[in-house]
Amino acid sequence: MSMSEKPHLRARNFPSAEDEARAVQPHGRYDGPGSAFRMAFTDTEFLLREELRPVRLQLELLKAELIQQEQGVESSVVVFGSARFKAPEVAAALLADAVASGDEEAIRRARQMVSNARWYEEARRFGELVTRESEALGEPVIVATGGGPGIMEAGNRGAFEAGGRSMGMSIFLPFEEAPNPYITPELCFQFHYFAIRKMHFLMRAVALVSFPGGFGTLDELFEVLTLTQTRKIRRRPIVLIGRDFWQRLIDFEVLIEHGVISAQDVELFHYAETAEEAWAVIKAAYSGDNPALVARQMKGN
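These remarks concern the structure in this document. (Residues numbered from 1 in each chain as written. Predicted model: local features only at pLDDT ≥ 70, side-chain atom pairs only at ≥ 80, totals over all residues. Heavy atoms only, no water.)

### Topic: the pairing of strand E2 (residues 142-145)
Logical step 1: Every second residue of E2 is oriented toward a common face, with Ile142 and Ala144 on one face and Val143 and Thr145 on the other, all of them buried.
Logical step 2: In this structure, strand E1 (residues 76-80) lies alongside E2, joined through four bridges in parallel fashion. Residue Val78 lies in a different strand from E2, and its bridge partner there is Ala144.
Logical step 3: Note that E2 and strand E3 (residues 166-171) share three bridges and pair parallel. Following the sheet pairing, Ala144 is matched in E3 by Met167.
Logical step 4: Crossover handedness for the path E2 to helix H6 (residues 151-161) to E3: right-handed. (Buried < 20%, exposed > 50% of the residue type's maximum accessible area, 1.4 Å probe, protein only. Helix = DSSP H or I, 4+ residues; strand = E, 2+ residues; numbered from the N terminus. Pairing = 2+ DSSP bridges. Right-handed = clockwise from strand over helix to strand, strands pointing away.)

Next up, the structure:
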């Protein structure tokens, strides 16, 4: 610094990690495989060591948290459901191909896909409703999904078509190549750990809506129900779309009969058939003068 330059009172005392990582110069024999010379935070081999799992768990929790803070995301409506459902136009095309093939089993599966496409359409319309009425709960909320295809794509698509933002929390799976194309890029995350992903689903959730789905959907739904039943999280609207599907799949009365849940536990969730009904349930939960019924989340532990 020259004598004519005045130091800024809040200038950095130390170079940033980013500055030093960029400034590192090659050092010949110490840059080869097996060298321990790299800075720890730039050393991918070191970060991927088995012993570093606690650090990686923390990084996954922290990255999504900090970015959501920076993006002003405070409250979300989470949408669960099958990754296998198709948009109506896609399902119709698959049925046409199956009919042309003459394969009876393929035709049966395609017809079921056409029937299931109604859930894709409801999820798309739900994402659109939440986005268009994003301040109906008293403050802005955004749609959040698991980031993949099917119902997740539909929720993000509805928000996208309504001109709003939405979040996608993908999990790395060998049979899913990429997140769906309707997620806001700044809010498109990829996780390695299911547990951290689930935690982020709930940290800002003011409501959870579950469409028909398979193992993954059931896993997410029962995680929410268990945490609510045990009061590990505050109670919030949980909506199951498609009463017939859910009641055929899970006989809650059997659980009550055997005494493994209380009769009051079935009051933890609501049924709905349409996007409008689901959104009405959520809005009703946050109406009135009860100061406890506010959308804003307190994100302590």
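Don't stop here, the text continues.
### Regarding the environment of Ser16
Logical step 1: Position of Ser16 relative to the elements: it lies in the segment before helix H1 (17-23).
Logical step 2: Residue classification places Ser16 among the buried positions, given a relative accessible area of 14%.
Logical step 3: Separated by 222 residues in the primary sequence, Ser16 and Ile238 have C-alpha atoms spaced 44 Å apart.
Logical step 4: Among the polar contacts listed, one links the side chain of Ser16 to the backbone nitrogen of Asp19, at a separation of 3.0 Å. (Polar contact = N/O pair within 3.5 Å; in protein donor to acceptor, adjacent residues only side chain to side chain.)

### Section: the pairing of strand E6 (residues 238-241)
Logical step 1: Covered by surrounding structure in E6 are Ile238 and Leu240 together with Val239 and Ile241, the residues of both alternating faces.
Logical step 2: Sheet topology note: the strand E5 (residues 205-210)/E6 ladder contains three bridges and is parallel. Residue pairing in the sheet places Val209 in a bridge with Val239 of E6.
Logical step 3: A crossover links E5 with its parallel partner E6, the connecting element being helix H8 (residues 215-229), and its sense is right-handed.

### Brief notes about the sheet that holds E2
Logical step 1: The seven strands are arranged E4-E3-E2-E1-E5-E6-E7 in an open sheet whose pairing can be described as parallel. The outermost strands of the open sheet, each flanked by one partner alone, are strand E4 (188-191) and strand E7 (270-272). Neighbour to neighbour, the strand axes of the sheet diverge by 25° on average, direction disregarded.
Logical step 2: Along the sheet, helix H11 (residues 275-285) contacts E1, E5, E6 and E7; its crossing angle with E6, the most-contacted strand, is approximately 170°. (Axes fitted to C-alpha atoms, helices over the stretch in contact; angles between N-to-C directions. Contact = heavy atoms within 4.5 Å.)

### Brief notes about helix H5 (residues 104-132)
In an α-helix, one turn spans 3.6 residues; hence positions three or four apart end up facing the same way.
Logical step 1: An ideal rise of 1.5 Å per residue puts 42 Å on 29 residues; H5 measures up with 43 Å between its terminal C-alpha atoms.
Logical step 2: Bending of H5 peaks at approximately 30° at the position of Ser115.
Logical step 3: Where H5 starts, the residue carrying a side-chain oxygen 3.0 Å from the main-chain nitrogen of Glu105 turns out to be Asp103. (Expected span 1.5 Å × (residues − 1). Bend = angle between axes of the 7 residues up to and from the residue.)

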